[in-house]
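So you can see what is in the structure, the chains are spelled out below.
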Amino acid sequence: MKQLLNLDTWARKDHFQFFTQFEEPFFGVCVTVDCTKAYATAKEKGYSFFLYYLHASLAAANATEPFRYRISNGEIWIYDAVHASPTINRPDGTFGFAYMDYHPDFLTFAAAAQEETNRVQQSTGLIPAVSGENVIHCSSLPWIDFTSISHARSFSFKDSCPKISFGKMTSTNGVMTMPVSVHVHHALMDGYHVGRFLEAFQETMNRE
């Protein structure tokens with residue numbers, strides 16, 4: 001389900017009209033996330049760490065309203081929930097696209113997400129996911145401890161979906177960290193909102 005945002009009463013109306021004129025309206029940040037507790041929890045309970053942090057990012061995105069905004073025909077729609085459209089890495093070095101519904105309960109999410117992961121890993125090609133606009137484009141680069149990242153983009157395609165990438169986990173003096181990049185459409189949100197998302201993501205990663 002979705003509802004139309006009233007631009008005339010929105011505090012960011014001028015920002016929306018300004019940034020929608022840009023050829024490249026996306027901006028991005030890269031941060032380091034502490035995943036010590038999340039990794040320990042996943043390992044202790046036998047969870048996939050990838051699915052564990054992916055679920056945490058979806059929980060944070062759904063709790064941060066602008067991450068549920070999408071632009072369609074010059075209007076902004078607010079979705080009740082957003083889901084994951086992640087890349088799934090294969091043993092042969094290729095990847096495929098997947099679609100995973102968000103469920104607040106991790107075990108419910110993980111059961112369906114693991115089935116989707118297995119399906120993509122046992123297939124070939126990109127397998128474009130039929131997912132609609134209410135998704136977060138996610139990718140995992142577990143080989144790279146990156147400090148910046150950019151994305152391939154077709155500027156003729158009017159995309160407004162946030163893009164979140166996760167990098168290589170490293171350990172320093174017992175503290176596990178992972179680089180995370182967040183790219184979002186500036187007509188829909190600002191650095192303040194990305195900061196709120198990152199705070200919610202870190203809080204979720206710190207939970208038992």
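Residues numbered from 1 in each chain as written. Predicted model: local features only at pLDDT ≥ 70, side-chain atom pairs only at ≥ 80, totals over all residues. Heavy atoms only, no water.

With an unreviewed UniProt entry as reference, the protein is termed Chloramphenicol acetyltransferase, source organism Chitinophaga solisilvae.

### Looking at the overall build of the protein
For clarity, the cut-off: Here a strand is any run of E in DSSP of at least two residues, a helix any run of H or I of at least four, and the numbering for each starts at the N terminus. Our radius of gyration looks at C-alpha atoms and nothing else; its globule reference is 2.2 Å times the residue count to the power 0.38. Partly exposed describes any residue whose relative accessible area lies between the buried limit of under 20% and the exposed limit of over 50%, with all areas from a 1.4 Å probe on protein chains only and scaled to the type maximum. Any two residues whose heavy atoms approach within 4.5 Å at even a single point are treated as in contact. Throughout, the Shrake-Rupley method with a 1.4 Å probe supplies accessible areas, and for residues the shown protein chains are the sole cover considered. Charge counting treats Lys and Arg as positive and Asp and Glu as negative, with His and both chain ends excluded. For the purpose of locating charges, the reference atoms are NZ of Lys, CZ of Arg, CG of Asp and CD of Glu.
The number of helices and strands found in the protein is five helices and ten strands. Relative to a compact globule of 208 residues, whose C-alpha radius of gyration would be 17 Å, the protein shows 17 Å and is just as compact. Each of the three principal axes of the protein carries a C-alpha extent, and together these read 50 × 40 × 30 Å. Within the span of the protein, comprising 208 residues, buried residues form 47% of the whole. Pairs at least 24 residues apart make up 72% of the contacts formed inside the protein by residues separated by at least 6 positions. Counting only carbon and sulfur atoms, one obtains 53% of the accessible surface of the protein, whose full area is about 10,800 Å². Across the protein, the mean location of the 16 positive side-chain charges is 2 Å away from that of the 21 negative side-chain charges.

### Re the packing of aromatic side chains
The following threshold applies: Note on ring pairs: Phe, Tyr and Trp rings are taken, using the six-membered ring of Trp, and paired if centres are within 6.5 Å. Classes follow the plane angle, with under 30 degrees stacked, over 60 edge-to-face and the rest tilted. A ring is considered to have a charge above it if a Lys NZ or an Arg CZ atom is located within 6 Å of its centre and within 35 degrees of its normal.
Taken as a whole and judged by the stated rule, the model has 16 aromatic pairs. With centroids separated by 6.1 Å and ring planes inclined at 5 degrees, the aromatic side chains of phenylalanine 197 and phenylalanine 201 adopt a geometry described as stacked. Highlighted residues: phenylalanine 197 and phenylalanine 201, both in helix α5 (residues 191–205), separated by four residues, approximately one helical turn. Across from the ring centre of tryptophan 77, 4.8 Å away, lies the NZ or CZ of lysine 2, which sits over that ring.

### Examining the pattern of salt bridges
If charged atoms from side chains of opposite charge come close, those side chains can pair. This is how the line gets drawn: We define a salt bridge as a contact between a side-chain nitrogen of Lys or Arg and a carboxyl oxygen of Asp or Glu at a distance within 4 Å.
Taken as a whole and assessed by the stated rule, the structure comprises five salt bridges. Across the pair lysine 13 and aspartate 8 runs a salt bridge whose closest N-O atoms are separated by 3.2 Å. Residue classification places aspartate 8 among the exposed residues on the basis of a relative accessible area of 62%. Its salt-bridge partner being glutamate 24, residue arginine 153 comes within 2.9 Å of it at the nearest N-O pair. Of this pair, arginine 153 sits in the loop between β7 (135–140) and β8 (163–166) while glutamate 24 sits in the loop between α1 (13–19) and β2 (26–34), and the two are 129 residues apart along the sequence.

### What to know about helix α3 (residues 49–63)
Count 3.6 residues to each turn of an α-helix, and residues three or four apart come out pointing the same way. Rules: Helix span, expected: 1.5 Å multiplied by one less than the number of residues in the helix.
An ideal rise of 1.5 Å per residue puts 21 Å on 15 residues; α3 measures up with 21 Å between its terminal C-alpha atoms. In terms of residue burial, α3 counts as a mostly covered element, since 14 of its 15 residues are buried.

### Things to note about the side chain of serine 165
The test is simple: Polar contact criterion, stated in full: a pair of N or O atoms within 3.5 Å, where within protein one must be able to donate a hydrogen and the other to accept it, and residues adjacent in sequence count only if both atoms are side-chain atoms.
Summarising the element assignment, serine 165 is placed in strand β8. Of the residues examined, serine 165 reaches a relative accessible area of 0% and is grouped as buried. A distance of 2.7 Å separates polar atoms of two side chains, one belonging to serine 165 and the other to serine 139. Ignoring any residue separated from it by four or fewer positions in sequence, one finds serine 165 in contact with Ser139, Leu141, Phe146, Ile149, His151, Pro179, Val180 and Ser181.

### Examining helix α2 (residues 36–45)
Definition in use: The arc in question is formed by the directions pointing from the helix axis toward the C-beta atoms.
When we look at burial in α2, the residues that qualify are Ala38, Thr41 and Ala42. Taken end-on, α2 shows its buried residues confined to a sector of 95 degrees, consistent with a single buried face. Opposite the buried face of α2, at more than 90 degrees from it, the exposed residues are Lys43 and Glu44. Trailing α2 by a residue or two, glycine 46 shows a phi angle of about 75 degrees, which is positive.

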